[in-house]
Amino acid sequence: AWRSPSGMCGDNTQFMLAPGTMPAPTDLIPPHFMPYESFPSHGSTVSQSLTISLAFSEDVRPGSGSFILTPKGTMDPADPGDVTIRADNPFIFYRGNRVIICPKRAAGTDEMLTVDDLTIDQWRSGTDLALGTYYLRTSGYGVVTDTAAPANLLPQLDTGNTWEFTTAGAGITLKPEVLFTYPMPH
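This write-up is about the structure you can find in this document. (Residues numbered from 1 in each chain as written. Predicted model: local features only at pLDDT ≥ 70, side-chain atom pairs only at ≥ 80, totals over all residues. Heavy atoms only, no water.)

## Focus on the overall build of the protein chain
We count it as follows: Helix numbers and strand numbers start at the N terminus; a helix is a DSSP run of H or I with at least 4 residues, a strand a run of E with at least 2. Accessible area is worked out with a 1.4 Å probe on protein chains only. A residue is then buried under 20% of its type maximum, exposed over 50%, and partly exposed in between. All accessibility values rest on the Shrake-Rupley procedure with a 1.4 Å probe; residue burial counts only the protein chains present in the view.
Within the protein chain, the secondary structure is distributed over 2 helices and 10 strands. Going residue by residue from the N terminus, the α and β elements of the protein chain occur as β-β-β-β-β-β-β-α-α-β-β-β. Relative to its 186 residues, the protein chain shows a buried fraction of 39%. Total accessible area computed for the protein chain in this model is approximately 10900 Å², and 56% of it derives from carbon and sulfur atoms.

Laid out in structure tokens, this is it:
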């Protein structure tokens, strides 16, 4: 380690590190949404009872606030408007860098169930999304966080120009897509 000559800069021994040691790096980068790895893909047409898989740049966990599926443009006249789903909703699953949302079941649900408590009938019950085009917003900063300590908060999202999907009505045949596999490869 280098040391200034005595008297030039004062005593700098307090700034010296032991040979071979460095402080642990601190994660200061928040997670960011990755629309090109999310399902449905941008601009796609999907079932009204879809399951959404959001991809992020790193592993995430629930924060505070809500995901909001917002109608874009002209919607079905029976449209209920925004579909708001709390980040800690029991029908949102966090798996690595993925957040899996079942809006049909999660919207308006205050039930506190665990994944182990769910039955197929509970998963399938609920109301489908209205016909139309949706995009994703969040209620504020920190709807999800990364796993760092201290946690970095996801910035507020508004995907109105980068990620949207359209729900299809009955009679339209959609091919199935794999949302994720578990365990997830890293």
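## Here we look at the side chain of glutamate 164
Heads up, the condition is: We define a polar contact as two N or O atoms separated by no more than 3.5 Å, with the added condition that, inside protein, one atom must be a possible hydrogen donor and the other a possible acceptor, whereas residues neighbouring each other in sequence contribute only through side-chain atom pairs. It only takes one pair of heavy atoms within 4.5 Å for two residues to be counted as in contact.
Relative to the helices and strands, glutamate 164 is located in strand β10 (residues 164-168). The exposure class of glutamate 164 is buried, given its relative accessible area of 18%. At 2.6 Å, the side chain of glutamate 164 and the side chain of lysine 72 are in polar contact. The contact partners of glutamate 164, leaving out residues within four places of it in the chain, are Ser41, His42, Gly43, Ser44, Lys72, Thr133, Tyr134 and Tyr135.

## Examining unusual backbone geometry
Going from phenylalanine 39 to proline 40, the amide bond is cis rather than trans, its omega being 0°. Within the fold, proline 40 resides in the segment before β1 (44-47). For the peptide bond that leads from alanine 149 to proline 150, omega is 0°, which places it in the cis range.

## A few points about the sheet that holds strand β5 (residues 83-86)
Filter applied, for reference: The pairing criterion is simple: DSSP has to find at least two bridges between the two strands. Between N-to-C directions, angles span 0 to 180 degrees; the directions come from axes that are lines fitted to C-alpha atoms, helices contributing only their stretch in contact.
Strand order in this open sheet of 5 strands is β1-β10-β8-β4-β5, and the pairing throughout is mixed. Whereas interior strands pair on both sides, the edge strands pair on one side only; in this sheet they are β1 and β5. For this sheet, the mean inter-axis angle between neighbouring strands, taken without regard to orientation, is 35°. The sheet contact formed by strand β4 (residues 66-72) and β5 spans 4 bridges and is antiparallel. Paired with serine 66 across the two strands is arginine 86, which belongs to β5.

## Regarding the sheet that holds strand β6 (residues 92-95)
The strand order across the open sheet formed by 3 strands is β2-β7-β6, and the pairing between neighbours is antiparallel. One side of each edge strand has no neighbouring strand; the edge strands of this open sheet are β2 (52-55) and β6. Strand-to-strand twist of the sheet, defined as the mean angle between neighbouring strand axes without regard to direction, takes the value 20°. Sheet topology places β6 next to strand β7 (residues 98-101); 4 bridges connect them, and they run antiparallel. Bridged to phenylalanine 93 within β7 is isoleucine 100.

## Focus: the packing of aromatic side chains
Applied cut-off: Within 6.5 Å between ring centres, the rings of Phe, Tyr and Trp (the latter by its six-membered ring) count as paired, and their orientation is classed by plane angle as stacked under 30 degrees, edge-to-face over 60, tilted in between.
One pass over the structure, following the stated rule, counts 4 aromatic pairs. Considering the side-chain rings of phenylalanine 33 and tryptophan 163, the 5.6 Å spacing of their centres and the 75° angle between planes classify their relative orientation as edge-to-face. One end of the pair, phenylalanine 33, is in the segment before β1; the other, tryptophan 163, is in the loop between β9 (144-146) and β10, and 130 residues separate them in sequence. Both rings, one in tyrosine 134 and one in phenylalanine 165, keep their centres 5.9 Å apart while their planes meet at 25°; by these two values the pair is stacked. Note that tyrosine 134 is positioned in strand β8 (residues 132-138) and phenylalanine 165 in strand β10, a separation of 31 residues in sequence. Ring pairing ties together the aromatic residues Phe33, Phe56, Tyr134, Trp163 and Phe165, which thus form one cluster.

Function-wise, these values are silent; they only describe arrangement.
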